[in-house]
Amino acid sequence: MRVPKLPVALRAYRYGLYLGEPAVAGLLAWRSRRGKEDPGRLPERRGLPGRARPVGHLVWMHGASIGEALSLVGLIEGMIARGCSVLVTTGTRSAADLLSKRLPAGAVHQYMPLDAPRWIERFLAHWRPDLAIVAESEIWPNTIISLHRRGIPLILVNGRMSERSFKAWTRSPDTARALLARIAVCLVQTREDGERFARLGAPRINVVGNLKYDSAVPPADSQQLAYLGDMIGDRPVWVAASTHPGEDEMIARVHAGLKERLPRLLTVIVPRHPRRGEEVARIAADAGLRVSRRAKGGRPLPSIDLYVADTLGELGLFYRLCPLVFLGGSLVPHGGQNPIEPVRLDSAILHGPHIHNFHEPYGALDQGDGARRVADEAELLTAVGALVADRHALAAMWAKGQAALLPFEGAVARTFAVLEPYVAQMKLTARERA
C-alpha cells in the first residue's frame, strides 16, 4: 500500500530538528540539572547506546511513563517466551527506576532518545530492532519516519485517542494521515478510539481492549508487608494514592474532620511524585495532624495520624495494607489514576469526578457498585467515615469491583493474535538472511 508523501509541515519539523539539535541538547542538559534526567545515562537520550545489542531477534517496546511501560509487561514476557529479546525504552526516570525491579530476564532497558533525526538514526543503527511496538498515544514523527524507511514494522498497542487529542490532530489532517499510514497496525482500547484513529487516516485498526486489565499486580516486599501490618494492627486505615497538588489539603482536612469520631484512624498519602513528600507533610502538619514520612525512615506508629509514603514503587504494599483506596488526580482536573490494580488487590475504590483518563474501568466499577464517586471534599469525608471501619461493606465492594472488571480481561491474548504473523515473519526473514 502506497503511503502519502510527507507534507510540508512534517518536512519542516524534520529538518528543523536537524538544525536545532544543539538547542535540544541544551534542553537535555537543563532538564538534567533540574533532576528530570538521569545524568549518568544522558547519552542514551541522544541515541548513544548504554550497552551491547542482544544476539538474535530483538523487539523494541516503548512506554513513555510508568503506566504505559507497565502495561507492556505481559507483551514483554510473551515475546521472551517466543524466543525474542526485548529492548524496553521509557522517557521518565521514575519509569526507569520502577522497571529496573520489574523487567524479566531477556529484557533490557534504555532511555528513549529525543525525536532528533540523527539521534533516532543512531539509536536504530545500533539496536537494529526487527519489530517496534509503542504503547498508547506516543506519536513521534521522526521516529515513525525512520522506522518506515528502514522497513521495520511499527505497531501501536493499547492505543487511545481522547476527544481532545483527536480535535488537535484534525487541525493538521495531512500530517496525521502521513504518520498513521506509516504504522503497520493500530491496536486500540475501545471502539471510540478506533473510530477516531480511522477518521484521522489510520488504514489498519483492531479493537483489542486495554492491556492494563491484564497487567500483573504491583509487587510488595513480604517483610515490609508483615512489619507494617503488625504495626497498623486493627486501626481503621485508608490510603489516598497518587495524589496531586490541591488534593493533599483535602485529604488532611478529611482526616481532621474525622479525628474526633475515629481517634485511631490512620490516613496514608502516596503522592503521585515522591519528591513532593516534604510539601505533603507540611500541609498535614499545618492541619494539626501528627505526621511521619516514609522517605525519612518514619513509621505509622500509633501516635501518627497521617503517614506520607513518599517512596517509589510501593503502591502494591499500601494497596495490600489498606482496604479502602481513594485514587488521586480525580478531585482536581487531572483525569484520574488507574483503578484496576487496587481492585485486583482487594480494595474498595473512592474517586472524584475527573476520571476521563480511565473512563471505561471507572464506569464499569461505578455501575457495578465496586467504586463510589465523590463530588468534593465533603462527600469524601462522608464516604470515608462510613466505610473505613465497615469491613463487611468494604469486602462486598471490592468483590463487586472484581466482578465488574472481569469481562474486560484478555487484551494480551487478543494483541498477540495480531502480533503472531509479525513474529513469524521476523523469524522467517532471519532464516533467509542466514
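The rules we used
Residues numbered from 1 in each chain as written. Predicted model: local features only at pLDDT ≥ 70, side-chain atom pairs only at ≥ 80, totals over all residues. Heavy atoms only, no water. UniProt positions renumbered as here; feature names shortened; annotations may be inferred. Helix = DSSP H or I, 4+ residues; strand = E, 2+ residues; numbered from the N terminus. Rg over C-alpha atoms; globule rule 2.2 N^0.38 Å. Buried < 20%, exposed > 50% of the residue type's maximum accessible area, 1.4 Å probe, protein only. Lys, Arg positive; Asp, Glu negative; His and termini not counted. Charge placed at Lys NZ, Arg CZ, Asp CG, Glu CD. Contact = heavy atoms within 4.5 Å. Polar contact = N/O pair within 3.5 Å; in protein donor to acceptor, adjacent residues only side chain to side chain. Pairing = 2+ DSSP bridges. Right-handed = clockwise from strand over helix to strand, strands pointing away. Axes fitted to C-alpha atoms, helices over the stretch in contact; angles between N-to-C directions. Left-handed = near helix turned anticlockwise from the far one by under 90°. Nonpolar A, V, L, I, M, F, W, Y, C, P; charged D, E, K, R; others polar.

If you look the chain up in an unreviewed UniProt entry, it shows as 3-deoxy-D-manno-octulosonic acid transferase from Methylorubrum podarium. In its Catalytic activity (unreviewed entry) section, the UniProt entry covering the chain states "lipid IVA (E. coli) + CMP-3-deoxy-beta-D-manno-octulosonate = alpha-Kdo-(2->6)-lipid IVA (E. coli) + CMP + H(+)". Of the comments in the UniProt record for the chain, the one headed Subcellular location (unreviewed entry) reads "Cell membrane".

Caption draft 1: The arrangement of the overall build of the chain in detail. In terms of helices and strands, the chain carries 19 helices and 14 strands. A compact globule built from 434 residues would reach a C-alpha radius of gyration of about 22 Å, and the chain, at 23 Å, matches this within 12%. C-alpha extents for the chain along the principal axes are approximately 70 × 45 × 45 Å. In the chain, which comprises 434 residues, the proportion classed as buried is 52%. Taken together, the 57 basic and 43 acidic charged side chains of the chain have centroids lying 7 Å from each other.

Caption draft 2: Layout of helix α17 (residues 377–387). Taken together, the buried positions of α17 are occupied by L380, A383, V384, G385 and L387. In this structure, the buried side of α17 is in contact with β8 (237–243), α12 (247–258), β12 (324–327), β13 (348–351), β14 (371–373) and α18 (391–405). Its side-chain oxygen at 3.3 Å from the backbone nitrogen of A378, D376 defines the N-terminal cap of α17.

Caption draft 3: Fine view of the pairing of strand β9 (residues 266–271). Most of β9 sits out of view: six of its six residues are buried. In β9, alternate side chains face the same way, and those of L266, V268 and V270 on one face and T267, I269 and P271 on the other are all buried. In terms of strand pairing, β8 meets β9 through six bridges, oriented parallel. When the bridges of β9 are listed, W238 appears paired with T267. The parallel pair β8 and β9, bridged by α12, forms a crossover whose chirality is right-handed. Inspection of the sheet shows β9 paired to strand β11 (residues 306–308) by three bridges, in the parallel sense.

Caption draft 4: Examining the packing of α12 against helix α13 (residues 277–286) more closely. The N-to-C vectors of α12 and α13 enclose an angle of 35 degrees; their axes lie 9 Å apart at closest approach. When the axes of α12 and α13 are compared, the crossing they make is right-handed. Packed against α12, whose contacting residues are D248, E249 and A252, the element α13 presents V280, I283 and A284 at the interface. Here the residues of the contact of α12 with α13 sort into four nonpolar, no polar and two charged.

Caption draft 5: Up close: the UniProt feature "domain: 3-deoxy-D-manno-octulosonic-acid transferase N-terminal" (unreviewed entry) in the chain. When the UniProt feature table is mapped onto this chain numbering, "domain: 3-deoxy-D-manno-octulosonic-acid transferase N-terminal" (unreviewed entry) sits at residues 41–214. What you have in residues 41–214 is 40% helix and 20% strand, and the ends, taken at the C-alpha atoms, are 31 Å apart.

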